[in-house]
Amino acid sequence: MCGIVGFTGTTDAKGILLDGLKRLEYRGYDSAGIAVQNNNVIKMVKASGKVDNLVELVEKNKDIIGNSGIGHTRWATHGVPSDVNAHPHMSTDGKFAIVHNGIIENHAEIKAELIAKGAKFLSDTDTEVIVQLIDYYYKGNLKEALMKATARLNGSYALGVLCADSPNTIYAVKYSNPLIIGVGAGENYFASDITAFINHTKNVIDLDDGEFASLTPDKVTIYDHSGKEIKKEERKITWDVAAAEKSGYEHFMLKEIMEQPAALKATIEPRIRDNKIHFDELDIDIKKYDRILITACGSAYYAGCVGRDIIEKLCKLHVHTEVASELRYRDPIIDEKTLVIVISQSGETADTIAAIKEAKSKNATVLAIVNVVGSAIAKLADYAIYTWAGPEIAVATTKGYTTQVAILAMFAVWAAFELGKINEKEFEKYTEEIKKIPERAQRTLDLNARVKKLADKYYQKRSMFFIGRYLDYAVCLEGSLKLKEISYIHSEAYAAGELKHGTIALIEQGRLVVAVCCYEPLLDKIISNIQQVKARGAEVMALAMEDNKKIFTEADDVLLVPKIYELFMPVIEIIPLQLFAYYVAKNNKCDIDKPKNLAKSVTVE
Ligand code: M6R
């Protein structure tokens, strides 16, 4: 939540900062602002709403000139989205400006203390205490002031700081929120995410918690928490700027849906050798565990629900799922015989991080399935399996989710073999099926035009149900979330057999029921459920495996999905539901990539 960016170089900073903020906007879009430094004076401009509002203001403000600066795009936590609560925040004397991603838990107490000392606060944010605190401790040595100020803070923060006394210098501080340095030629950057500066440099340095850095156009200096200068290795980003741009698509979401075959291929293929699945990154003896607990949030949790069903089926091992935001409050039964699998696209989700800490405090082994290399979750876990989905910019996850499900399916097959639950021949047979996933995903995208037509037919419905059984139900959870979050249309995912226990009261003439019928062993069961809702006036759009003739006599509309082994169907069958949500939202003129009230990475509890 919230994106920050900083630049120092020899060209005017504002264009680079605004461009960086546009690329970071997926992290929050309640307000945005920049501050630049010129001739020992800091100038700032900020505006509520999206970065475009800020761009307009900056264009009108001829004072915003300087070769170094910082910027922020906000997802509001403390104080309403407004101009005054927008970042950057400045110290009363105008000497410092800061941008902040995170939350300061003890801000009220620090604020009271500083007010008593004469500081004047303008905003309702927690962030303003940081800049006033730095100002309070500053006696000519900024490094010292930063250390003293941050030592007082409880919470999480990635900070960018400008000081009027330090021309051409920007400062970055990291604690519990992401911050990456971009090393250029005669110019340097920091940002919450590489996408902010990938069009300028691919050389990055990852900061660890407690570290801070000072950047001038020619030099990046990094310090550890005690202020000692340290050397850190640079790494090179392998993906290209196009991966972080729309490349001709109207929305990132559509682009990312279309990228799924490639993302799945990149995730699956390197892990297959000699017709078997290999996790070189996993050095564990799976026999040691008597249960698996899968925990995550939102779509990642729903991927976990699919994973639970596949792992249990193939490994004959107890697998539980728990939303990460609840895990630590349930005093869960976790011990050294529990393998905890956490799933996260961003690798930053605060609730998932808290769940890892809870699991580790109970001596569990933690395995993370994560997309962002070097992210907090990847570092905290004992083992990290990367999904190679590439950067995902749209707030609604698509390729992040499908690559997670693919890894879980592969893990299930791999673990089943390690546990002796399947023999070598079966191992090879399942691997062969997994290999088909990218091609099947590609073929599923051929449904695009047909799904669009169905969205044109149904987009005015104000409430929908997604029903399915077993694995299909797990997919419904994700299909329903996709629709809700980007189209703002109420929808519910229901285990089809549960409808008759109460919810069927909501089925009425014209209610749309999306019936997911891909798990063929339960086809007759879901068909009965379709008949039950049809008898009460529902319209039914069904999703089924190709060759399914039966379904045509039951449903009003049918989407047929390419066939693959039934346990691996979820990776494929979600794709038409993603497209459906996309076109319904588009017809309803919603802001698809930046749905209201949401942000891509949820770094607050
Ligand atoms: O980055 P993570 O995978 O940890 O994020 C977890 C959820 O916030 C996320 O999956 C969210 O539900 C999606 N944006 C929904 O599309």
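Below or above, wherever it landed, is the structure these notes cover. The structure displayed is predicted, hence computed values, not measured ones.

**Some details on the overall build of the protein chain**
- Helix and strand counts for the protein chain stand at 18 helices and 27 strands.
- Scaling as 2.2 N^0.38, a compact globule of 605 residues should have a C-alpha radius of gyration of about 25 Å, and the protein chain matches this with 25 Å.
- Counting only C-alpha atoms and orienting by the principal axes, one finds that the protein chain spans roughly 75 × 50 × 45 Å.
- Across the 605 residues of the protein chain, 61% fall into the buried class.
- Long-range contacts, defined here as pairs at least 24 residues apart, represent 72% of the contacts in the protein chain between residues at least 6 apart.

**Quick look at helix 10 (residues 350–361)**
- Look at helix 10: 17 Å from first C-alpha to last across 12 residues, which is about the 16 Å you get at 1.5 Å a residue.
- Among all positions of helix 10, only Asp351, Thr352, Ile353, Ala354, Ala355, Ile356, Glu358 and Ala359 are buried.
- Those residues of helix 10 hidden inside the fold are in contact with strand 18 (291–296), helix 9 (324–327), strand 20 (338–344), strand 21 (365–370) and helix 11 (376–380).
- Of the residues flanking the end of helix 10, it is Asn363, one or two places downstream, whose phi is positive at about 70°.

**Considerations on the site of the ligand**
- Neighbouring the ligand are 15 residues, the closest being Ser344, Gln345, Ser346, Thr349 and Glu485.
- Backbone polar atom of Thr397 to an oxygen atom of the ligand: 2.9 Å apart, as the coordinates give it.
- At 3.0 Å, a side-chain N or O of Lys482 approaches an oxygen atom of the ligand.
- Taken by itself the ligand offers 410 Å² of open surface, and the protein chains cover 91% of this.

**Observations regarding the sheet that holds strand 14 (residues 229–230)**
- Judged by pairing direction, the sheet is antiparallel, and its seven strands sit side by side in the order 5-6-7-8-12-13-14 without closing on themselves. Since the sheet does not close on itself, it has two edges, and those belong to strand 5 (89–90) and strand 14, each with one partner.
- Bridge count for strand 8 (residues 170–175) against strand 12 (residues 212–215) is four bridges, and the pairing is antiparallel. Considered in strand 12, the bridge of Ile170 is made with Leu215.
- Across the sheet, helix 4 (residues 128–137) lies against strand 5, strand 6 (96–104) and strand 7 (155–163), angled at about 130° from strand 6, the strand it touches most.

**Remarks on the sheet that holds strand 25 (residues 512–517)**
- Strand order in the open sheet formed by five strands is 24-23-25-26-27, and the pairing between neighbours is parallel. With one partner strand each, in any of the chains shown, strand 24 (490–495) and strand 27 (557–561) form the two edges of the open sheet. Direction aside, the axes of adjacent strands within the sheet are offset by 20° on average.
- Across six bridges, the pairing between strand 23 (residues 463–468) and strand 24 is parallel. Note that in strand 24 the partner of Gly468 across the bridge is Ala495.
- Running over the sheet, helix 16 (residues 471–487) touches strand 23, strand 24 and strand 25 and is turned about 175° from strand 24.

**Focus on the environment of Val602**
- Mapped onto the elements of the fold, Val602 is located in the segment after helix 18 (569–587).
- A relative accessible area of 34% places Val602 in the partly exposed class.
- Along the backbone, Val602 and Ala350 are 252 residues apart, and their C-alpha atoms lie at a distance of 6.4 Å.
- Not counting chain neighbours up to four residues away, the residues in contact with Val602 comprise Met1, Glu348, Thr349 and Ala350.

**Side note on the packing of helix 8 (residues 298–315) against helix 16**
- Axis separation between helix 8 and helix 16 bottoms out at 9 Å; the angle between their running directions is 170°. With respect to each other, helix 8 and helix 16 are oriented roughly antiparallel. Of the residues in helix 16, those in contact with Gly298, Ser299, Tyr302, Cys305, Val306, Asp309 and Ile310 of helix 8 are Leu471, Ala474, Val475, Leu477, Glu478, Leu481 and Lys482.
- The class makeup of the residues in the contact of helix 8 with helix 16 is nine nonpolar, two polar and three charged.

**Description of the pairing of strand 21**
- Most of strand 21 is tucked away: six of the six residues are buried.
- Both faces of strand 21 are covered, namely the face carrying Thr365, Leu367 and Ile369 and the face carrying Val366, Ala368 and Val370.
- With helix 10 bridging strand 20 and its parallel neighbour strand 21, the resulting β-α-β unit is right-handed.
- As judged from the four bridges shared by strand 21 and strand 22 (residues 383–386), these two strands associate in the parallel manner. Each bridged residue has a counterpart across the sheet, and for Leu367 the counterpart in strand 22 is Tyr383.

**Quick word on the pattern of salt bridges**
- Here the structure, examined in full by the defined rule, presents 46 salt bridges.
- Residues Arg440 and Glu439 are paired through a salt bridge, measuring 2.5 Å at the closest nitrogen-oxygen approach.
- Among the residues examined, Arg440 registers a relative accessible area of 15% and is labelled buried.
- The class of Glu439 is partly exposed, set by a relative accessible area of 38%.
- Residues joined in a network through salt bridges with shared partners are Lys22, Glu25, Asp52 and Lys594.

**Considering unusual backbone geometry**
- His87 connects to Pro88 through a cis peptide bond whose omega is 0°.
- Counting through the fold element by element, Pro88 comes out in the loop between strand 4 (68–74) and strand 5.
- One non-glycine residue, Asp274, lies in the positive phi region at around 50°.
- Structurally, the position occupied by Asp274 is in the loop between strand 16 (272–273) and strand 17 (276–277).
- Note on Asp274: relative accessible area 66%, which makes it exposed.
- Even without a glycine there, the phi angle at Asn597 is positive, about 70°.
- Along the chain, Asn597 turns up in the segment after helix 18.
- On the basis of relative accessibility, which here comes to 64%, the residue Asn597 falls in the exposed class.

Reading the values: rules and limits
- Residues numbered from 1 in each chain as written.
- Predicted model: local features only at pLDDT ≥ 70, side-chain atom pairs only at ≥ 80, totals over all residues.
- Heavy atoms only, no water.
- Helix = DSSP H or I, 4+ residues; strand = E, 2+ residues; numbered from the N terminus.
- Rg over C-alpha atoms; globule rule 2.2 N^0.38 Å.
- Buried < 20%, exposed > 50% of the residue type's maximum accessible area, 1.4 Å probe, protein only.
- Contact = heavy atoms within 4.5 Å.
- Expected span 1.5 Å × (residues − 1).
- Near = heavy atom within 4 Å.
- Polar contact = N/O pair within 3.5 Å; in protein donor to acceptor, adjacent residues only side chain to side chain.
- Areas by Shrake-Rupley, 256 points an atom, 1.4 Å probe, with all protein chains shown as cover.
- Pairing = 2+ DSSP bridges.
- Axes fitted to C-alpha atoms, helices over the stretch in contact; angles between N-to-C directions.
- Parallel < 35°, antiparallel > 145°, perpendicular 65-115°, else oblique.
- Nonpolar A, V, L, I, M, F, W, Y, C, P; charged D, E, K, R; others polar.
- Right-handed = clockwise from strand over helix to strand, strands pointing away.
- Salt bridge = Lys/Arg side-chain N within 4 Å of Asp/Glu carboxyl O.

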